[in-house]
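# Structural overview for review
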Amino acid sequence: MATLLHIDSSLFPGEASSSRAVTDAFRRTWQEQHPGGAVIYRDLAVDPVPHITADAHTAGFADPASHTPGQAAAFAERVRLIEELEQADAVLIGAPMYNYTIPSTLKAWLDNVILFGRTAGETPSAKGTPVTVVASRGGSYAPGTPRESYEYVQNYLTAVLADALALDVDFIVPELTMAPQNPAMSELVPLFEASRERALQDAATKAKALAERLAA
Ligand SMILES: Cc1cc2nc3c(=O)[nH]c(=O)nc-3n(C[C@H](O)[C@H](O)[C@H](O)COP(=O)(O)O)c2cc1C
């Protein structure tokens, strides 16, 4: 039975979060397709993982037999997160844009799981695992928009997820989510609504297609 690793990182709970609404739609469809499948859930806003430390980093390059107690403890936490990634048949990540890039909690998770010689390097251990990223953002950074060059979510996540971890990355991008609250964006509300609808539909369509592909 297939296992989904679902990670959320929005500050906001439930429906108050644009990315959680879409990851939730993806996960519900996935579970309909895989009623007996496992979902490993990490809510990084509620239960953040530790920032990488010198012990956690250096332990990744040292013989485990030589680890100090501090290195052993820090490395065990990294390995737990890495094993969750390695066990997953598919990964789902909610990655809202905060100050042009990803939430720091998601960066901390990445710093833990990217381990040269295991998940990264010549033979990345989760190579080819499909990962769907819901990259919600208050404005638009689409090609041709004035803020295109400030887009450090999809650019960055492509570098780490596709290039470093060798995962098969796909994005869903609900954008202009600040339009309903920001009077200066009032003209953009219809575009926001269309983007939200498209994202929710994409989540269901992609989850179903992925579940069918993995079952085949
Ligand atoms: C701390 C913080 C920083 C933000 N920075 C940006 C930003 O740089 N660009 C942007 O377009 N929206 C920004 N936003 C708006 C969010 O990207 C937008 O509300 C998005 O839908 C958040 O997804 P979420 O509701 O799942 O957290 C920011 C929001 C917060 C809370």
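Residues numbered from 1 in each chain as written. Predicted model: local features only at pLDDT ≥ 70, side-chain atom pairs only at ≥ 80, totals over all residues. Heavy atoms only, no water.

The protein chain carries the name FMN dependent NADH:quinone oxidoreductase in an unreviewed UniProt entry, which gives Streptomyces spiralis as its organism. Here the protein chain is described in UniProt, under the heading Sequence similarities (unreviewed entry), as follows: "Belongs to the azoreductase type 1 family." Listed in UniProt under the heading Subunit (unreviewed entry), the comment for the protein chain reads: "Homodimer." (UniProt positions renumbered as here; feature names shortened; annotations may be inferred.)

Listed in full, the buried residues belonging to helix H4 (residues 104-113) are Leu 106, Ala 108, Trp 109, Leu 110, Asn 112 and Val 113. Buried residues belonging to H4 abut strand E1 (3-8), strand E2 (38-43), helix H3 (69-87), strand E3 (90-94) and helix H5 (154-164). (Buried < 20%, exposed > 50% of the residue type's maximum accessible area, 1.4 Å probe, protein only. Helix = DSSP H or I, 4+ residues; strand = E, 2+ residues; numbered from the N terminus. Contact = heavy atoms within 4.5 Å.)

Glancing now at unusual backbone geometry. One non-glycine residue with positive phi stands out, namely Asn 99, at about 50°. Summarising the element assignment, Asn 99 is placed in the loop between E3 and H4. Residue classification places Asn 99 among the exposed residues on the basis of a relative accessible area of 72%. Of note in the backbone geometry, Tyr 100 takes a positive phi value of approximately 75° without being a glycine. Counting through the fold element by element, Tyr 100 comes out in the loop between E3 and H4.

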